[in-house]
Structure formats: structure tokens, C-alpha cells
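# Results of the structural survey
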Amino acid sequence: MTSSFIFAANRTPFGRFGGALAEVRPDDMAASALTSVLAKVPGLDPAAIGDVAWGCANQAGEDNRNVGRMAALLAGLPTSVPAVTVNRLCGSSLDAAITASRTIETGDADVVIAGGVESMTRAPWVLPKPERAFPAGNVAAFSTTLGWRLVNDRMPAEWTVSLGEANEALGDRLAIGRERQDALAARSHRLAHKAWEDGFYDDLVTPIPGTTLERDECIRPNSTLESLAGLRPSFRPNGTITAGNASPLTDGASALVLGSEKAADIVGTTPIARIAARGVHALNPQDFGIGPVEAANKALRRAGIGWSDVGAVELNEAFAVQAIACIDAWDIDPELVNTRGGAIALGHPLGASGGRILATLAKRLRAANQRWGVAAICIGVGQGLAVVLENVT
């Protein structure tokens, strides 16, 4: 089989819930990210794109049915270019990149666009259909923004606790206290702000036409251990998880151009990273926060390397406590992780985050002249996903 490579990456700025991107439909947001990444490879004939694999966790509203196909059409791609939407919740766009890489490695296509989108602001309320016609009483609407909804009664109660409660329990079990969580959150904001000030994200982020947002909206550069310590717990009266040490609800999209070894002639540029290996892992639903641990370990084994070979890690910070738990389990230097900020500062639009961490990892490897890197993400309902990248520049 051939290898698969990343040739280009781009994303929108990530907007705060109800913020600067609140009026942008998710299919338009996805089309914008797709258009921006294709602008980086002007030599690519869009008709040569073999497929589009697009991640989205919701799909209950304007991101309807197959938002990947909608985005491709809205971006002006030829109607002959197919598209699929992938849903592995928080790992959707990372899984889309994995789907694209497998398509390339099996020879089914030479060029595939991967990415993902989420508008958590515009996620609708849904009404379940009644079991019988014409109910006389009131009905309840369920928010589709985040977490469980319309839960099946056959699910054990411990599986369906809130994401926050699940991670409070994880912190209890692993003795990860509030101070460590707040320290990681403050670092995330500090490094994200510095990365923007240093110009790191300038060529990775393109504003959406018609909007004013140029940088990620949730970064709070003045966050300190002291200011974060003053926030109230969000899920338990005496808990450790707050709005400051968990990722915010966010809107955004990300996109990547992937291709085969011979795709350089088709794309018109050289690749920046190789998809060296992939790993997926599942465990008890309430333990989803540590799902990345074994997913990354599997990917490293498949790549034929170990943690001592890894020069950079991008770990999605859904919650500070679960990020710390993963770093502790891997027994790696925390300074290898998220050196340009993480999701606590940058935001976590569910379907787009995997594409963000993959693109950031590829650039970090080039900037530091490191060969190997790991991108990993936890996934609600008890899963983790990881990709090993090899720098080929």
C-alpha cells in the first residue's frame, strides 16, 4: 500500500458560544474552511479530488444529514466530487482524516479533503415524536449542544452521567486536585495568546468572509492560577471542575488536504507530514477522559516507535483533569504537550477539534525540526482516538 500525507491545513477562528460566529450556519462555516484550505493548493484541479470526508458531532439542525456534501457543494466543488460525513463525536474530524488516509493508502483515491465543523451555538432544541398521536399534555425540548439527550432507559445510570460529573469522578479516582487543573488551564491561555502574538497561527487560520473574528475568541491572556481559583465549581458544590479549567462551548471548522505519494504532482506542492499510524480505543462510557491513553499507545506500537521518540504532542483539552490524567499515564514531559495552547483556551467545536490538533501538530514538528508527533483526543461515551505523524520536511 502507498502512504498518505498531509499537504495543507487551515481552519476558521474558533468563536465563543453565542459570540462572533453565532450567525454563521455550520454548512457555510464548513464551506469557508474548505475554500480556505484549497486556496493553499491553487495548482489542484478540484475535479481531481477523489472524496471529501467531513466530521460533525451534531447533525440535528443546519448541519443536516451530510454536511460534508453540503459544504463541498457550497464551496463550489464540482458536483462529481463525493463526500461523506463522519460522526465519532469529539473525534469526528480526526476520524475524517483517518478515513481519508485509509482511502489513499488503499489506492481508492490520490487526493482527499478531510475536515470537520461544529456550531454549538446554533445546535437546535429537538422534540421527540410522541408514542401516540395527539398528546394532550406538554412536551419537553432537548438541547443538542452537548452531552446525552433522549437517553435510552436500558443504559446503566453510571454510563449516562454528565461529562463534567464523569471527569469529577476521574479526578477523585486519580487524586488530581483543583490546583493542578487550574495550572494547566492558565498555561493553556498563556501559550495560546503567545502563539497568536508570535504569528504561529497566522497561516493556519483564515477568517470567515463577512465576519469580524480574526483570532480565537475564547483566549483569556490574563488568566492566572489566582483568578481561576476564584471560580465556582460547575458540576458539584465542592467539585474541582469550573468554567475556567474545562473547554468552552465553541463554533468553528477545520480542513486538510491529504494525498498519496504521487499526489505532489496533482496538488502542486510537497507534503508536510505523513500519517504514520492510527489508534482507537474504547472503555467504560464514564471513563472517556482517559480514552486517548491506550489509543495513542496503540498508534505508537503500529508506527514502530515509543514515547521516547516523540517530540511533540497535541492532546485535546476537553477538561484539564482528563488531560492531566493522560499525560500522567503516558509518563511524558508535560512541556511536550500543547505548546501553542490547547482547547481550554482555543475552544473545542466538537466536530472540528481533531483537524485543529492534527494541523497544529504538523506545524509544530516542522518548527522544532522534530520527526515524530502524536495527536490524541478523548471522545464521549467512552472512546479515544490518536494519530502518529511523521515530519517529512
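Please refer to the structure higher up on the page.
Let me sum up the structure you'll find in this document. (Residues numbered from 1 in each chain as written. Predicted model: local features only at pLDDT ≥ 70, side-chain atom pairs only at ≥ 80, totals over all residues. Heavy atoms only, no water.)

## Here we look at empty space enclosed by the protein
The full count for this structure, using the stated rule, is two cavities of 30 Å³ or more. Volume-wise, the largest cavity comes out at about 50 Å³. Taken together, N10, R11, L204, S254, A255, L256, G355, R356, A359 and T360 make up the lining of the largest cavity. Contributing elements (two or more residues each) for the lining of the largest cavity: strand 1 (5–11), strand 8 (250–259) and helix 11 (353–368). In terms of residue count, the dominant contributor to the lining of the largest cavity is helix 11 (four residues). Here the residues of the lining of the largest cavity sort into four nonpolar, four polar and two charged. Its boundaries defined by the atoms lining it, the second largest cavity holds a volume of some 30 Å³. Considering the residues around the second largest cavity, the lining is formed by W148, W159, V161, S162, L163, A166, P285, Q286, F288 and V381. (1 Å grid on protein atoms, 1.4 Å probe; cavity = no way out; pocket = protein on both sides within 12 Å on 5 of 7 lines; lining within 4 Å. Points joined across faces, edges and corners; volume = space filled by probe spheres on them. Helix = DSSP H or I, 4+ residues; strand = E, 2+ residues; numbered from the N terminus. Nonpolar A, V, L, I, M, F, W, Y, C, P; charged D, E, K, R; others polar.)

## Here's the deal with the pairing of strand 5 (residues 111–119)
Among the nine residues of strand 5, nine are classified as buried, and the element is accordingly described as predominantly covered. Across the two faces of strand 5 the burial is the same, with V111, I113, G115, V117 and S119 and V112, A114, G116 and E118 all buried. Note that strand 3 (residues 51–55) and strand 5 share five bridges and pair parallel. The partner of A53 across the bridge, within strand 5, is A114. (Buried < 20%, exposed > 50% of the residue type's maximum accessible area, 1.4 Å probe, protein only. Pairing = 2+ DSSP bridges.)

## Regarding the pattern of salt bridges
Per the stated rule, a full pass over the model turns up 18 salt bridges. Where D95 meets R88, a salt bridge forms, and the shortest distance between an N and an O atom there is 2.7 Å. Look at D95 and you get buried, because its relative accessible area is 8%. Judged by its relative accessible area of 21%, R88 falls in the partly exposed class. The closest approach of N and O atoms between E390 and R274, which form a salt bridge, is 2.8 Å. (Salt bridge = Lys/Arg side-chain N within 4 Å of Asp/Glu carboxyl O.)

## Thoughts on the nonpolar core
Judged by nonpolar contacts, the single largest core of 45 residues is most densely connected at I6, Y201, L258, L358 and L389. With residues near it in sequence (within four places) discarded, L258 still touches F5, I6, F7, A97, A100, S101, I104, D110, V111, V112, A114 and I275. The next biggest cluster of nonpolar side chains, apart from the first, holds 41 residues, and it includes L170, I241, I324 and V388. (Core = buried A, V, L, I, M, F, W, Y, C linked by side-chain atoms within 4.5 Å. Contact = heavy atoms within 4.5 Å.)

## Digging into the packing of helix 1 (residues 26–39) against helix 2 (residues 67–74)
It is the contact of helix 1 with helix 2, at a shortest axis distance of 8 Å, that shows an interaxial angle of 60 degrees. In terms of axis orientation, helix 1 runs oblique to helix 2. At the point where helix 1 passes helix 2, the crossing takes the right-handed sense. Along its contact with helix 1, which presents D27, D28, A30, A31 and L34, the element helix 2 presents V67, M70, A71, A72 and L74. Across the contact of helix 1 with helix 2, the residue classes tally to eight nonpolar, no polar and two charged. (Axes fitted to C-alpha atoms, helices over the stretch in contact; angles between N-to-C directions. Parallel < 35°, antiparallel > 145°, perpendicular 65-115°, else oblique. Left-handed = near helix turned anticlockwise from the far one by under 90°.)

## Considerations on the side chain of E168
Summarising the element assignment, E168 is placed in helix 4 (residues 163–174). Buried within the structure, E168 lacks any salt-bridge partner; its nearest side chain of opposite charge belongs to R236, at an N-O separation of 4.5 Å. Filtering out sequence-adjacent residues up to four positions away, E168 remains in contact with F235, R236, G239, T240 and I241. (Lys, Arg positive; Asp, Glu negative; His and termini not counted.)

## Notes on the packing of helix 3 (residues 92–105) against helix 11
For the pair helix 3 and helix 11, the least separation of the axes is 5 Å and the interaxial angle reads 65 degrees. Judged by the inter-axis angle, helix 3 sits roughly perpendicular to helix 11. Across the interface between the two elements, S93, L94 and A97 of helix 3 pack against S353, G354, G355 and L358 of helix 11.

## Describing the environment of G116
Mapped onto the secondary structure, G116 falls in strand 5. Given a relative accessible area of 0%, G116 falls into the buried group. In contact with G116, other than residues within four places in its own chain, are W54, G55, S93, G252, A253, S254, G351 and A352.

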